[in-house]
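Tertiary structure, described
Listed below, chain by chain, are the residues.
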Amino acid sequence: MRCPVCKNPMVILELQQIEIDYCTFCQGIWLDAGELEALLGDTQQVQDLLTSFKIDDAIREKRIKCPICNKKMHKIQAGQHNPIIIDKCRIDHGLWFDSGELQQIIEMGSLHKENEILILLKDIFTNKLK
Amino acid sequence: MWELIRANRRKSLVLFFIMGMFLVLLGYLIGQAFKPQGGGITGVVIAIFVWFILNMISMFSGSKIMLTVSNAKEITPDVHPRLYNIVEEMRMAANLPKTPKVYIINTEAPNAFATGRTPDDAAIAVTAGLLAKLNRDELQGVVAHETSHILNRDIRFMTYAGIMLGTIVLISELYLRTLFFSSSARYRSDSKGGGQGQLIMMVLAIVMAILAPIAAQLLYFAISRKREYLADASAVRLTRYPEGLAAALEKISGSTQDIETANKVTAPMYIVNPLKKKGMKIADLTSTHPPISERIRILRSMAGGANFTSYQQAWSTVTGSPSHIIPRSGLADNESLGFRPPASGEDIEADMKQSRRDLGNLMMAVNQYTFIDCPCGVKLKVPPDYKSLQVECPRCGRIHKVSD
């Protein structure tokens, strides 16, 4: 798969039996449909987080294309306060997070702090942010 | 077994020769329509020549073309040991001189086919979806069915018949197109001194050019349908476990996914027609494969053991037809082959997530990804076109070399 932003081939990271497509050049992350749920576990908080995702195509951020279907993705507002703008495929192939965005979402969701995958994810991407 | 192969071939040969007659007749009529004096013979010669050339091409690289068109990639035993074991097992059961090459097609739709020239030079291709969805017994059933196609010499014969069909279609199309594009000029020259005979020939040639491809296709389908039943019967003989193939057919036909790379020419090769969704409504006459439900019912009602006689009996019971699907020589085979029990233990269906990941890894291995196990616990899968020679583990910052 190619990074939808910088077009470099993406590396696949496997941790705890979940695969994440990761661009080592721009640190973006692609999650296939359902992977975010699988990653965070199926809890009410996750559901709340997911339902808080609102399509907002008025945002003036550059539109990027879904790496699977190559169609322009929706801009999504995640969270109520200080919303983060992420990209979501129109036909639900998955979600795109620019560098650091996934981590922000995870922190925002104040999810189970002891969630192993969450900890793993966090420490993976905090290291990258330094 | 040899007797059976020969009988199988004899039966198909009749249909094959009728198909050939269509080709010759088509060549004759078109030649005659172009040139009333001696054109017919030239037409026949050209038609046979075209068929011959296409056959030559397919003889030397037919299977390669088929595999390339289907986007199949060859694998080594270490990529998928289970599949390779099964192919080797079936090769021994069928007593083939050489292990067929094993190919994987990167599509989620479950299916499989065999191709090649001779048993020495054969290939079995399975889709990634097949590997993900079937357990060992079912996979063995499918591989046994494909091995039977190789053993029964179906692969080469079907190629010949397929090429003949292709030639008939090609010549008909060419003729009709030439006619269409040059029609105005033709009428003018004809009006000067064109005989009525030529006009009649032209009409006959047009009718033939329209009908021959359809008729040839029906014959081609008739040949391939018969061979599917025989391959099922032989597969049971090889595995001694009809339920494996029956369950596999059920799973394959239950899938709603189509194979993107399959087309009219390659469709009859597959164990289950990969274009089924598009041609569902057309009568059984035009189907390249017998109805799956019927094949499954026959397999499940085999009561007399894993031999041909038992299959023939089950076939007659299910279809209610008195005709022989297994050549008589095969029915002399009363060897009592008992069924074997299903495999157990490790072969309990893996959960869908695990098999999906296995499938993903398999396709990555086939597509030359590099797998790196970082000591920190993260597994990195690097695509072959990755631009840097090194990759940094995002978790611990270790630098790994990508290529070896």
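Residues numbered from 1 in each chain as written. Chains lettered and ligands numbered in written order. Predicted model: local features only at pLDDT ≥ 70, side-chain atom pairs only at ≥ 80, totals over all residues. Heavy atoms only, no water.

1. Describing the pattern of salt bridges
Note the following rule: For salt bridges, the criterion is a side-chain nitrogen of Lys or Arg within 4 Å of an Asp or Glu carboxyl oxygen. Counting from the N terminus, the helices are DSSP H or I runs at least four residues long and the strands are E runs at least two residues long.
Counted according to the given criterion, the structure contains 16 salt bridges over all chains. Residue A:R2 is joined to B:D385 by a salt bridge in which the shortest nitrogen-to-oxygen separation is 2.7 Å. With A:R2 in the segment before β1 (11-15) and B:D385 in the loop between β6 (379-382) and β7 (390-392), the pair connects residues from two separate chains. Its salt-bridge partner being B:R300, residue B:E250 comes within 3.2 Å of it at the nearest N-O pair. Residue B:E250 is found in helix α8 (residues 242-254), and its partner B:R300 is found in helix α10 (residues 292-300); the two are separated by 50 residues along the sequence.

2. Things to note about unusual backbone geometry
Residue A:N70 is not a glycine yet carries a positive backbone phi of 65°. Positive phi, normally seen in glycine, also occurs at B:R153, with a value near 60°. Its place among the elements puts B:R153 in the loop between α5 (136-151) and α6 (154-193).

3. A closer look at the interface of chain A and chain B
Short version of the rule: Note on contacts: a residue pair is in contact if any heavy atoms of the two residues lie within 4.5 Å. Buried area, as used here, totals the accessible surface that two parts lose on assembly, with accessibility defined by a 1.4 Å probe and the loss added over both. By the criterion applied in these results, polar contacts are pairs of N or O atoms within 3.5 Å in which, for protein atoms, one can donate a hydrogen and the other can accept it, and in which residues neighboring in sequence qualify only through two side-chain atoms. Asp, Glu, Lys and Arg are counted as charged, while Ala, Val, Leu, Ile, Met, Phe, Trp, Tyr, Cys and Pro are counted as nonpolar; the rest, among them Gly, fall into the polar class. We call two strands paired when DSSP finds no fewer than two bridges between them.
Facing 21 residues of chain A, the contacting portion of chain B comprises 22 residues. Taken together, the two surfaces of chain A and chain B that pack against each other cover about 1,800 Å², and 52% of this comes from carbon and sulfur. Sorting the residues of chain A by area buried against chain B places A:P9, A:I12 and A:E14 first, and these three jointly supply 29% of that buried surface. If you look at where chain A meets chain B, you find three salt bridges. For the pair chain A and chain B, the number of links is seven residue pairs in polar contact (both at pLDDT 80 or more). Where the side of chain A that touches chain B is concerned, the elements lending two or more residues are β1, β2 (18-22) and α4 (116-129) of chain A. In terms of residue class, the side of chain A that touches chain B is built from twelve nonpolar, four polar and five charged. The pairing of β1(A) with β6(B) spans three bridges and is classified as antiparallel. Opposite A:L13, over in β6(B), you have B:L380 as the bridge partner.

4. Description of the sheet that holds β6(B)
The nine strands are arranged β4(A)-β5(A)-β6(A)-β7(A)-β3(A)-β2(A)-β1(A)-β6(B)-β5(B) in an open sheet whose pairing can be described as antiparallel. Lying at the two open borders of the sheet, with one neighbouring strand each, are β4 (54-55) of chain A together with β5 (370-373) of chain B. Of the strand pairs in this sheet, strand β3 (residues 29-32) of chain A and strand β7 (residues 94-97) of chain A are connected by four bridges, and their pairing is antiparallel. Counted as the bridge partner of A:I29 is A:F97 from β7(A).

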